[in-house]
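For reference, the chains in residue letters:
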Amino acid sequence: MQQTSISTQEVGYYQKKYVQYLLLEGCKNREMAFLGNNAPARALNIKCLYDFERAMNWVNWEKHRQNMYRTVSKIRSIPQFTFNAKLRSSETGKWFEEEFDGLVYEYDLFLDFDKDENSSIEQVLEEVKKIKSYFDDYKIPYYILFSGSKGFQVIIDGRYMPKFKIEEGVVQPHKKIAEKIKENFRLKYIDLRNNGIPNRLCKIPYSLVKRNVALPLSDKQIEKFNVKSMDLEMVMYEVVPMIRRGNLERFEELSGKQKIKNIQEFIKLNLK
């Protein structure tokens with residue numbers, strides 16, 4: 001593997017069309033955001049490659065290297081807000097406050113596993129494996145994403161989850177389900193901050209977090225996980241082919257109806 005500068009390698013990654021399409025798939029019907037390095041931007045509507053490239057240029061990503069996020073919720077529509085930085089926050093702030101909740105039509109179950117200063121990522125991974133084994137037993141349609149830094153995200157797409165209501169500013173029963181999973185399975189590393197918040201953000205699959213890729217993980221990658229293998233250069237060398245790889249949702253062969261039934265059974269038997 002030929003060494004290149006960090007700048008050239010990272011920029012080149014986001015210029016690859018198949019990477020852009022993977023990112024677009026992750027943003028479909030979701031708000032997209034850039035956060036970090038004092039150059040945030042929210043309420044972006046990314047539907048095509050032109051939208052993605054325009055957003056990258058507007059936030060000056062090559063200079064600021066912000067992390068990319070999307071909402072846990074799926075929303076019906078996003079206005080085309082002004083790209084005038086001085087005016088944009090007033091427009092988006094009003095939208096979030098007055099309209100966003102009414103636009104949500106699905107909400108993922110999002111389990112965010114993070115290590116603390118007294119633990120290792122290996123300890124976090126053991127908890128991820130624990131809940132993974134239960135999800136496998138019930139044939140739950142989940143996927144697992146390396147967060148890019150100190151943890152993992154276990155996600156069930158909202159289209160399989162129970163019908164929701166936004167009550168007192170949070171999405172239910174999703175909030176309670178995450179809390180019960182943490183409590184009943186004694187999972188120390190699930191981070192419940194912002195749990196159930198309608199516009200909560202999570203990493204976009206295949207986006208960069210400094211030198212690492214927020215990569216959807218296969219069973220083999222989970223069993224043999226090494227943070228070093230999440231480095232951009234290693235991912236490009238080892239994850240072949242990446243084109244149309246998707247999020248690696250488990251049990252894709254099942255019907256949507258069966259997936260919903262399996263989740264209902266898991267909730268009924270495990271989350272009293």
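Note that the structure is predicted; figures quoted are calculated from it, not measured.

A. Focus on the pattern of salt bridges. Considering all chains together, one arrives at 20 salt bridges under this definition. Across the salt bridge formed by E10 and R65, the nearest N and O atoms sit 2.5 Å from each other. Of this pair, E10 sits in helix α1 (residues 6-15) while R65 sits in the loop between α4 (61-64) and β3 (67-71), and the two are 55 residues apart along the sequence. Overall, the relative accessible area of 22% leaves R65 in the partly exposed class. Each of R30, K74, E106, D108, D157, R159, E249 and K259 takes part in a single network of salt bridges with overlapping partners.

B. Up close: the sheet that holds strand β6 (residues 109-114). Strand order in the open sheet formed by three strands is β6-β8-β7, with antiparallel pairing between adjacent strands. The open sheet has two edge strands with one neighbour each: β6 and β7 (142-146). The average angle at which neighbouring strand axes cross in this sheet is 15 degrees, direction not considered. Direction of pairing for β7 relative to strand β8 (residues 151-156): antiparallel, over a ladder of five bridges. Bridge pairing in β8 links Y142 to I156.

C. How the structure looks around the pairing of strand β1 (residues 32-35). By the bridge criterion, two bridges tie β1 to strand β2 (residues 41-44) in an arrangement that is antiparallel. The residue bridging F34 from the neighbouring strand is A41, located in β2. Hairpin remark: β1 followed by β2, antiparallel, with five residues in the connecting loop; positive phi at G36, about 120 degrees. Where β1 meets β3, four bridges bridge the pair, whose relative direction is antiparallel. Its bridge partner being in β3, F34 is matched across the sheet by M68.

D. View of the nonpolar core. With 62 residues, the main nonpolar core has Y14, F113, F135, F152 and I181 as its most contacted residues. In terms of residue count, the dominant contributor to this core is helix α7 (residues 121-137) (six residues). Among all residues touching Y14, those that are not within four sequence positions of it are V19, Q20, L23, F52, M56, W61, M68, S207 and L208. One finds A43, F81, W95 and V104 within the second-largest nonpolar core, a separate group that totals nine residues.

E. Inspection of the pairing of β3 at higher detail. Of all the five residues making up β3, five are buried; the element is thus mostly covered by neighbouring parts of the structure. With burial as the criterion, each face of β3 is covered, one bearing N67, Y69 and T71 and the other bearing M68 and R70. Where β3 lies against strand β11 (residues 201-203), three bridges are found, and the strand directions are antiparallel. In the sheet register, R70 faces β11, and the bridge partner there is C202.

F. Fine view of the environment of F52. Within the secondary structure, F52 sits in helix α3 (residues 49-58). With near-sequence residues (within four places) excluded, F52 lies in contact with Y14, Q20, L23, L24, I46 and M68.

G. Representation of the side chain of D112. Assignment of secondary structure puts D112 in strand β6. Nearest to the buried, unbridged D112 among oppositely charged side chains is R200, at 4.1 Å. For D112, the contacting residues outside a window of four places in its chain are F152, Q153, Y189, I190, D191 and R200.

H. Representation of the packing of helix α2 (residues 17-27) against α3 within the structure. Two elements in contact, α2 and α3, have axes whose closest approach is 10 Å; the angle formed by their N-to-C orientations is 95 degrees. Taken together, the axes of α2 and α3 lie roughly perpendicular to each other. On the side of α2, the interface is formed by K17, Q20, Y21, L23 and L24, while α3 contributes L49, F52 and E53. Across the contact of α2 with α3, the residue classes tally to five nonpolar, one polar and two charged.

I. The packing of aromatic side chains, seen in detail. One pass over the full model with this rule turns up 16 aromatic pairs. Ring centres 6.0 Å apart and planes at 5 degrees place the aromatic pair F185 and F266 in the stacked group. In this pair, F185 is assigned in the loop between α8 (174-184) and β11 and F266 in helix α11 (residues 256-270), connecting sequence segments 81 residues apart. A connected cluster of aromatic rings, assembled from ring pairs, spans Y134, F135, Y138, Y142, F185 and F266. Here R88 stacks its cationic end above the ring of F83, 5.3 Å away from the centre of that ring.

J. Expanded view of the sheet that holds β2. Pairing in this open sheet of four strands is antiparallel, and the strands run β2-β1-β3-β11 from one edge to the other. Edge positions in the open sheet fall to β2 and β11, since each of these has one partner strand only. Direction aside, neighbouring strands of the sheet carry axes that sit 30 degrees apart on average.

Rules used in this analysis
- Residues numbered from 1 in each chain as written.
- Predicted model: local features only at pLDDT ≥ 70, side-chain atom pairs only at ≥ 80, totals over all residues.
- Heavy atoms only, no water.
- Salt bridge = Lys/Arg side-chain N within 4 Å of Asp/Glu carboxyl O.
- Helix = DSSP H or I, 4+ residues; strand = E, 2+ residues; numbered from the N terminus.
- Buried < 20%, exposed > 50% of the residue type's maximum accessible area, 1.4 Å probe, protein only.
- Pairing = 2+ DSSP bridges.
- Axes fitted to C-alpha atoms, helices over the stretch in contact; angles between N-to-C directions.
- Core = buried A, V, L, I, M, F, W, Y, C linked by side-chain atoms within 4.5 Å.
- Contact = heavy atoms within 4.5 Å.
- Lys, Arg positive; Asp, Glu negative; His and termini not counted.
- Parallel < 35°, antiparallel > 145°, perpendicular 65-115°, else oblique.
- Nonpolar A, V, L, I, M, F, W, Y, C, P; charged D, E, K, R; others polar.
- Phe/Tyr/Trp six-rings, centres within 6.5 Å; stacked < 30°, edge-to-face > 60°.
- Lys NZ or Arg CZ within 6 Å of the ring centre and 35° of its normal.

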